[in-house]
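What the coordinates show
Chain by chain, the residues:
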Amino acid sequence: MIRRLLAVTFAVCITRSLPAQTFPSSDSTLTRIWAQGMDSSQAYTLAQALMDSIGPRLTGSPGIKAGNDWLVARYRSWGITARNDQYGTWRGWRRGITHVDLLAPRVRSLEATMLAWSPGTRGKVQGSVIILPDLPDSAAFRAWLPQVKDKFVLISFAQPTCRPDSSYKDYAIPESFERMVRERTTARDAWAARTTRSGLNARELPPALERAGARGVLTSTWSAGWGVTKVFNARTTKVPTLDLSCEDYGLVYRMAERKQSPVLQVEAEAEFLGEVPVFNTIAEIRGTEHPDQYVVLSAHFDSWDAGSGATDNGTGTITMLEAMRILQKVYPHPRRTILAGHWSGEEQGLNGSRAFAADHPEIVRGLQALFNQDNGTGRVSTIAMAGLLDAGGHFGEWLSRVPTEITRNITVNFPGTPAGGGSDNASFACYGAPAFGLGSNSWEYGTYTWHTNRDTFDKVVFDEVRNNATLTAMLAYLASEDPDSIGRDRRIMPLNQQGQPGTWPECQRPARTSGESTR
């Protein structure tokens, strides 16, 4: 244990104190991985085909099935065994066009899209606009409900400005910025109270408006950046739920608020396909000495579909796909079996990876290491040891052999804590298996590309993706060749917010049909 702790301490310190060393190790396999990953990368070509041509990959949509088949074809073209493993079914839904136009008091085409799994309109429909009113209680709300008939209903807070705060900080005098924030906070709190007094929560409100005869529901969830909104799933089943940009939502809201009689025309196409099969795509390079021990490259393949699913999680997908291509080129006969898991249903509760872990206990038992990447296009900058006391020494030895151009950017957190549910490594960490998240540099992920309408190909930074694919291939190689397995002794968990001893996360049952979903 002391040897391994010293190894990880040395690995982290050396990357911060010495000048760049392209190859601290004379290992020819690492040299060839670098050449493939950095000098002969296919990341751009793969990403363009996936993100532009196939596009977003909503669970249960034709897009994700096309993507699954594309992955299998790519792997097989490289001589890698690959398959689509069905783990359940989900609501099938096909997105069509979305057009929202302001017809009165002036004409303007609005920036808008349907939320996922929203019904369409069956042609063009027109209607006036009404705002969720400020009423004293739920009884008054129920009395008001008939007024929504044949109208589009605005149910989100209208931002007073769609400038990000950084713009105010750069240009406004301090008193002006402080006044804006204060007034915005007061207005937002008042809107939240207005919604609460309806007696309905965010899930219950859209269906209630639909039952009362609304022509559609209009939302806007600003992501605090220029031109960007968060876009999730609809709660209506008969009329469309539409997300408007921050700017256009505010425009329509102000007109309705000041009784300027806005009229909208909406044409939105959608097709429900029933319960359809959903799959994980699994690729495998079989181990020669220990085929029943596993190194797993992990990334979720599904996405929300207002953008292209580029950084969430197309970049993670390309990282693992490209790493497998590199490994097949330079390390086709690994000591341990190397798998790539491209998981579906992550956005609905890690369903694909949880199902795989539950269905393959032999892989969980034989797991040497799992490397998961799922937070944007940025270079890997943090790796936590997932609460396993033996992991730090292994990573110390591995990273000491990785080129300094990569490791100088990485902080290793020891002992770390096991993932609790944020991404697919949690599906394996709950069993006490060595499953690690490769945490990436931000690139404003939370504001601009995480679950937004701006998660598109142009946001990918390919220098960073090449770095990550090369690092992942190197870690997979080194973990496969390591003569020792990572032990599973667990840390003492830190105290929770109540001051009580923390507990290791429990494994959750995957939802295998849309009827089991809690989201």
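In what follows, the accompanying structure is described. (Residues numbered from 1 in each chain as written. Predicted model: local features only at pLDDT ≥ 70, side-chain atom pairs only at ≥ 80, totals over all residues. Heavy atoms only, no water.)

**A word on the overall build of the protein chain**
In terms of helices and strands, the protein chain carries 17 helices and 14 strands. Here the C-alpha radius of gyration of the protein chain, 25 Å, is about what a compact globule of 519 residues would show, namely 24 Å. Considering only C-alpha atoms, the protein chain reaches an extent of 75 × 55 × 45 Å along its principal axes. By the burial criterion, 56% of the 519 residues in the protein chain qualify as buried. For the protein chain, restricting intrachain contacts to residue pairs at least 6 apart in sequence, the fraction spanning at least 24 positions comes to 85%. If you average the places of the 55 positive and of the 53 negative side-chain charges in the protein chain, the two averages end up 3 Å apart. (Helix = DSSP H or I, 4+ residues; strand = E, 2+ residues; numbered from the N terminus. Rg over C-alpha atoms; globule rule 2.2 N^0.38 Å. Buried < 20%, exposed > 50% of the residue type's maximum accessible area, 1.4 Å probe, protein only. Contact = heavy atoms within 4.5 Å. Lys, Arg positive; Asp, Glu negative; His and termini not counted. Charge placed at Lys NZ, Arg CZ, Asp CG, Glu CD.)

**Things to note about the state of the cysteines**
Taken as a whole and assessed by the stated rule, the structure comprises two disulfides. At a sulfur-sulfur separation of 2.1 Å, the disulfide partner of Cys162 is Cys246. Here Cys162 and Cys246 share a disulfide; its torsion about the S-S bond, -90 degrees, makes the bridge left-handed. Linking Cys162 in the loop between strand E5 (152-154) and helix H6 (165-171) with Cys246 in helix H9 (residues 246-257), this pair joins segments that are 84 residues apart in sequence. According to the relative accessible area criterion, Cys162 is buried, its value standing at 14%. Linked covalently through their sulfurs, Cys430 and Cys507 form a disulfide whose S-S length is 2.1 Å. An S-S torsion of about 100 degrees defines the bridge between Cys430 and Cys507 as right-handed. Residue Cys430 is located in the loop between helix H15 (426-429) and strand E14 (435-440), and its partner Cys507 is located in the segment after helix H17 (462-481); the two are separated by 77 residues in the primary sequence. With relative accessibility at 11%, the residue Cys430 sits in the buried group. (Disulfide = S-S within 2.5 Å.)

**Points about the pairing of strand E6 (residues 216-219)**
Alternating residues of E6 divide into Gly216 and Leu218 and Val217 and Thr219, and every residue in both groups is buried. Relative to E6, E5 is paired through three bridges, and the arrangement is parallel. Across the sheet, residue Val153 finds its bridge partner in E6, namely Val217. (Pairing = 2+ DSSP bridges.)

**Let's talk about the environment of Ala139**
Counting through the fold element by element, Ala139 comes out in helix H5 (residues 138-144). Along the sequence, Ala139 and Arg197 sit 58 residues apart, while their C-alpha atoms lie 9.2 Å from each other.

**Digging into the pattern of salt bridges**
Within the structure shown, the criterion is met by 18 salt bridges. Among the salt bridges present, the one from Asp305 reaches Arg95, with a minimum N-O distance of 2.8 Å. Here Arg95 lies in strand E1 (residues 81-104) and Asp305 lies in the loop between strand E9 (290-300) and helix H10 (310-330), a separation of 210 residues in the sequence. For Arg95, a relative accessible area of 24% translates into the label partly exposed. For Arg466, the salt bridge identified is with Asp463, shortest N-O distance 2.4 Å. (Salt bridge = Lys/Arg side-chain N within 4 Å of Asp/Glu carboxyl O.)

**Observations concerning unusual backbone geometry**
For the bond running from Ala104 to Pro105, omega is 10 degrees, close enough to zero to count as cis. Secondary-structure assignment places Pro105 in the loop between E1 and strand E2 (108-110). Here the bond from Asp312 into Asn313 is cis, since omega is 5 degrees, no more than 30 degrees from zero. Here Ser261, not a glycine, exhibits a phi torsion of approximately 55 degrees, which is positive. By secondary structure assignment, the location of Ser261 is in the loop between H9 and strand E8 (263-285).

**Considerations on the side chain of Asn280**
Tracing the chain through its elements places Asn280 in strand E8. Asn280 gets classed as buried once you look at its relative accessible area, which sits at 2%. A polar atom in the side chain of Asn280 sits 3.0 Å from the backbone nitrogen of Ser344. Not counting residues up to four positions away in its chain, the partners in contact with Asn280 are Arg83, Asn84, Asp85, Tyr87, His342, Trp343, Ser344, Gly352, Ser353 and Phe356. (Polar contact = N/O pair within 3.5 Å; in protein donor to acceptor, adjacent residues only side chain to side chain.)

**Points about the packing of aromatic side chains**
By the definition in use, this model includes 17 aromatic pairs. Aromatic pair Tyr331 and Tyr477: ring centres 4.9 Å apart, planes at 85 degrees, arrangement edge-to-face. With a gap of 146 residues between them, Tyr331 in the loop between H10 and strand E10 (336-343) and Tyr477 in helix H17 connect regions that are remote in the sequence. With respect to burial, Tyr331 and Tyr477 carry one shared label: buried. Three or more aromatic residues joined by ring pairs make a cluster, and in this case those are Phe371, Phe395, Trp398 and Phe436. A cation sits over an aromatic face here: Arg57 above Phe301, 5.2 Å from the ring centre. The ring of Trp117 carries the charged tip of Arg91 above its face, separated from the ring centre by 4.5 Å. (Phe/Tyr/Trp six-rings, centres within 6.5 Å; stacked < 30°, edge-to-face > 60°. Lys NZ or Arg CZ within 6 Å of the ring centre and 35° of its normal.)

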